[in-house]
Amino acid sequence: MKIYAASYLLPISSPPIAGGALAVKDGRIVAVGKVHELRAQFSAPVIDLHESVIVPGMVNAHTHLELTHFPAWKVRKDLDYLPKRYVEWIQQVVKIKRALAPGELEHSAREGMRLCLESGTTAVGDILSDLSLVPLYRDTALTGRLFLEAIGHDPLLCDTLVARMEETLANLQGGLLPGLSPHTPHTVSAKLFRCLQDLSGKLGAPKAVHLSETAAEAAFMHDSTGDIAELLYPMAHWEQYLPHPMRTTSTRYLDDLGVLDAATLAVHAVHVTPNDVAILKQRGVSVVLCPRSNDRLFVGCAPHKLLKEAGLPLAVGTDSLASNDSLSLWDEIRFLQQTAPNVFSSRELLAMATLGGALALRIDADTGSLQPGKRADFQVLGGCSFDAGAGIEATVLARGRLERVYLAGVPLQ
């Protein structure tokens, strides 16, 4: 057993502790409290982290680690530009992925894992489109969920795809638990959505859906027009599946299909309406905000105040390096703080990036906060010259400098 002591400890699930400490044994948190209390309770060496703050490891609720090397691939293909239209960006991603050599996605995913850990993220909700890469995740130090992505409209391929996904998830090994990701309401057929809903219930696996990310999606769901109908469907050879005008929203469409529930993560939610938000709340859906990705793809800004006031469970994700410039959740919540001033407190932002993500991914029994029984995954931050006039959470966000990451009580090398 060891006791880790710091100037402050932020459990997230309870108020900050000045002079706080963690008692860790066999990779698990045994006790949390003031250092003098733990010294009296346990006969164990104390590791004094001096002028620092201990916080839980970050939980990145939405990313695509297989795309980590995307910026380099763009340069190599002489496509180093950021399209102004979402569907053109999708076309760029598809074009670049199709030209990759064997092994490139594998190296990219491994680099993504490394970057997550080095930036203080210890758990992820990672979307994986290439099922052949699943064995890579067996040895990663990350925990969380591996969401296998499903795309398609061909009814003849539905049963085959779902069966393959079920077999893959049944044999999943390592620290990541199963998840499913029906890509979007406009790239996944109604039949495939329902089949994945059944599989979600069978496996107890949550579902991550890119929901209402763009104005193009909103237009398509309403009257089947715009870039998705004119560019994306022809590119995918889906012309025969182009629907008649549905006069709906993505949220109402999925609710009518019966696939919205507490196991659903709605990712982005940029163009949701107040009625959509009411439905999401009623169904127990969690929302994952990806503010930097939304900004870089020019798709708009999520209605943060509306989502918060509705009481929706909120988490944060970086998305991929195809639409972001780092995998750091510290960068993400600092950007969100600037983008949504006076909407979220510093305490709420830190909670969204830790326990909020764990709750959305349904891994909160094991991570997301510093509580007895959970894995000893935590970060040590320095550079916080403490100001009695500011809360410790605000100080950490403004000045905190990541110094060390611990995984199951062991420092990351």
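The model shown is predicted, which means the values in this text are computed figures rather than measured ones.

Undergrad: Can you lay out the overall build of the chain for me, pointing to particular residues and giving the numbers?
TA: The helix and strand tally for the chain stands at 16 helices and 18 strands. Whereas a compact globule of 413 residues would reach a radius of gyration of roughly 22 Å, the chain reaches 22 Å, a difference of no more than 12%. Each principal axis of the C-alpha atoms in the chain carries an extent, and together these give about 70 × 45 × 45 Å. Across the 413 residues that make up the chain, the buried fraction comes to 56%. Contacts spanning at least 24 positions in sequence make up 70% of the contacts within the chain whose residues lie at least 6 apart. A total of about 16,600 Å² of accessible surface is found on the chain, and carbon and sulfur atoms cover 52% of it. Averaging the coordinates of the 38 positive side-chain charges in the chain and doing the same for the 44 negative ones gives two points 3 Å apart.

Undergrad: Give me the packing of aromatic side chains: which residues, what numbers.
TA: Counting across every chain of the model gives 6 aromatic pairs. For the ring pair Y233 and W238, a centre distance of 5.3 Å and an interplane angle of 80° mean the geometry is edge-to-face. Assessed through its relative accessible area of 2%, Y233 is described here as buried. W238 gets classed as buried once you look at its relative accessible area, which sits at 12%.

Undergrad: Tell me about the environment of D126, and please be specific about residues and values.
TA: Note on placement: D126 falls in strand β9 (residues 121-128). Sequence separation between D126 and A61 is 65 residues, and the spatial gap between their C-alpha atoms is 7.5 Å. Apart from the residues within four sequence positions on either side, D126 is in contact with T63, H64, L65, Y137, R145, L146 and F147. From its side chain, D126 meets the backbone nitrogen of L65 in a polar contact 2.8 Å long. Reaching out from D126, the side chain makes a polar contact with the side chain of Y137 at a distance of 2.5 Å.

Undergrad: Can you explain the sheet that holds strand β6 (residues 46-48)? Please cite residues and give values.
TA: With respect to topology, 4 strands assemble into an open sheet ordered β5-β4-β1-β6, the strand pairing being mixed. Sheet topology places β5 (28-34) and β6 at the edges, where each strand pairs with a single neighbour. Sheet twist, expressed as the mean angle between neighbouring strand axes with direction ignored, is 25°. As paired strands, strand β4 (residues 20-25) and β5 are joined by 6 bridges and run antiparallel to one another. Bridged to L22 within β5 is V32.

Undergrad: An account of the sheet that holds strand β7 (residues 53-56) is requested, with residue identities and associated values reported.
TA: Pairing is mixed across the open sheet formed by 6 strands, whose spatial order is β3-β2-β7-β16-β17-β18. Only two strands of the sheet have a single partner each, and these edge strands are β3 (17-18) and β18 (410-411). In the sheet, strand β2 (residues 8-9) pairs with β7 via 2 bridges, with the strands oriented parallel. Residue pairing across strands places Y8 opposite V53, the latter belonging to β7.

Undergrad: Can you break down the UniProt feature "domain: Amidohydrolase-related" (unreviewed entry) in the chain residue by residue, with the values?
TA: The positions UniProt marks with the feature "domain: Amidohydrolase-related" (unreviewed entry) are residues 53-381. End C-alpha atoms of residues 53-381 are separated by 5 Å, and the span's content is 42% helix alongside 16% strand.

Undergrad: Help me get a handle on the packing of helix α9 (residues 250-257) against helix α10 (residues 274-283), residues and values and all.
TA: The contact between α9 and α10 brings their axes to 9 Å, and the two run at 35°. Two packed elements cross with a definite hand, and for α9 against α10 that hand is left-handed. Contact residues: α9 offers T251, R252 and D255, while α10 offers N275, D276, I279, L280 and R283. A breakdown of the residues in the contact of α9 with α10 according to their chemical character gives 2 nonpolar, 2 polar and 4 charged.

Undergrad: Explain the nonpolar core to me, using residue names and the numbers behind them.
TA: Looking at soluble globular proteins, one finds that nonpolar side chains tend to be buried together. Grouped together as the largest cluster of nonpolar side chains are 97 residues, with contacts concentrated most on Y137, L254, V287, L307, W330, I333 and F344. Per-element accounting of this core gives the leading share, 6 residues, to helix α3 (residues 86-98). Apart from the residues lying within four places of it in its own chain, the contact partners of L307 are V272, V277, V287, L289, A302, L312 and L314.

Undergrad: Run through α3, naming residues and quoting values.
TA: Relative to the 18 Å expected for 13 residues at 1.5 Å per residue, α3 spans 19 Å between its end C-alpha atoms, a close match to the ideal helical length. Buried within α3 are the following residues: Y86, V87, W89, I90, Q92, V93 and I96. The elements touched by buried residues of α3 are α2 (70-76) and α8 (227-235).

Undergrad: Tell me about the pattern of salt bridges, and name the residues and values.
TA: Counting across every chain of the model gives 19 salt bridges. Across the pair E348 and K308 runs a salt bridge, and its minimum N-O distance is 3.0 Å. Of this pair, E348 sits in helix α14 (residues 346-352) while K308 sits in helix α12 (residues 304-309), and the two are 40 residues apart along the sequence. Looking at K308, the relative accessible area reads 32%, which means it is partly exposed. Several salt bridges converge on common partners, so that one network encompasses R292, D295, R296, D325 and E332.

Rules used in this analysis
Residues numbered from 1 in each chain as written. Predicted model: local features only at pLDDT ≥ 70, side-chain atom pairs only at ≥ 80, totals over all residues. Heavy atoms only, no water. Helix = DSSP H or I, 4+ residues; strand = E, 2+ residues; numbered from the N terminus. Rg over C-alpha atoms; globule rule 2.2 N^0.38 Å. Buried < 20%, exposed > 50% of the residue type's maximum accessible area, 1.4 Å probe, protein only. Contact = heavy atoms within 4.5 Å. Areas by Shrake-Rupley, 256 points an atom, 1.4 Å probe, with all protein chains shown as cover. Lys, Arg positive; Asp, Glu negative; His and termini not counted. Charge placed at Lys NZ, Arg CZ, Asp CG, Glu CD. Phe/Tyr/Trp six-rings, centres within 6.5 Å; stacked < 30°, edge-to-face > 60°. Polar contact = N/O pair within 3.5 Å; in protein donor to acceptor, adjacent residues only side chain to side chain. Pairing = 2+ DSSP bridges. Axes fitted to C-alpha atoms, helices over the stretch in contact; angles between N-to-C directions. UniProt positions renumbered as here; feature names shortened; annotations may be inferred. Left-handed = near helix turned anticlockwise from the far one by under 90°. Nonpolar A, V, L, I, M, F, W, Y, C, P; charged D, E, K, R; others polar. Core = buried A, V, L, I, M, F, W, Y, C linked by side-chain atoms within 4.5 Å. Expected span 1.5 Å × (residues − 1). Salt bridge = Lys/Arg side-chain N within 4 Å of Asp/Glu carboxyl O.

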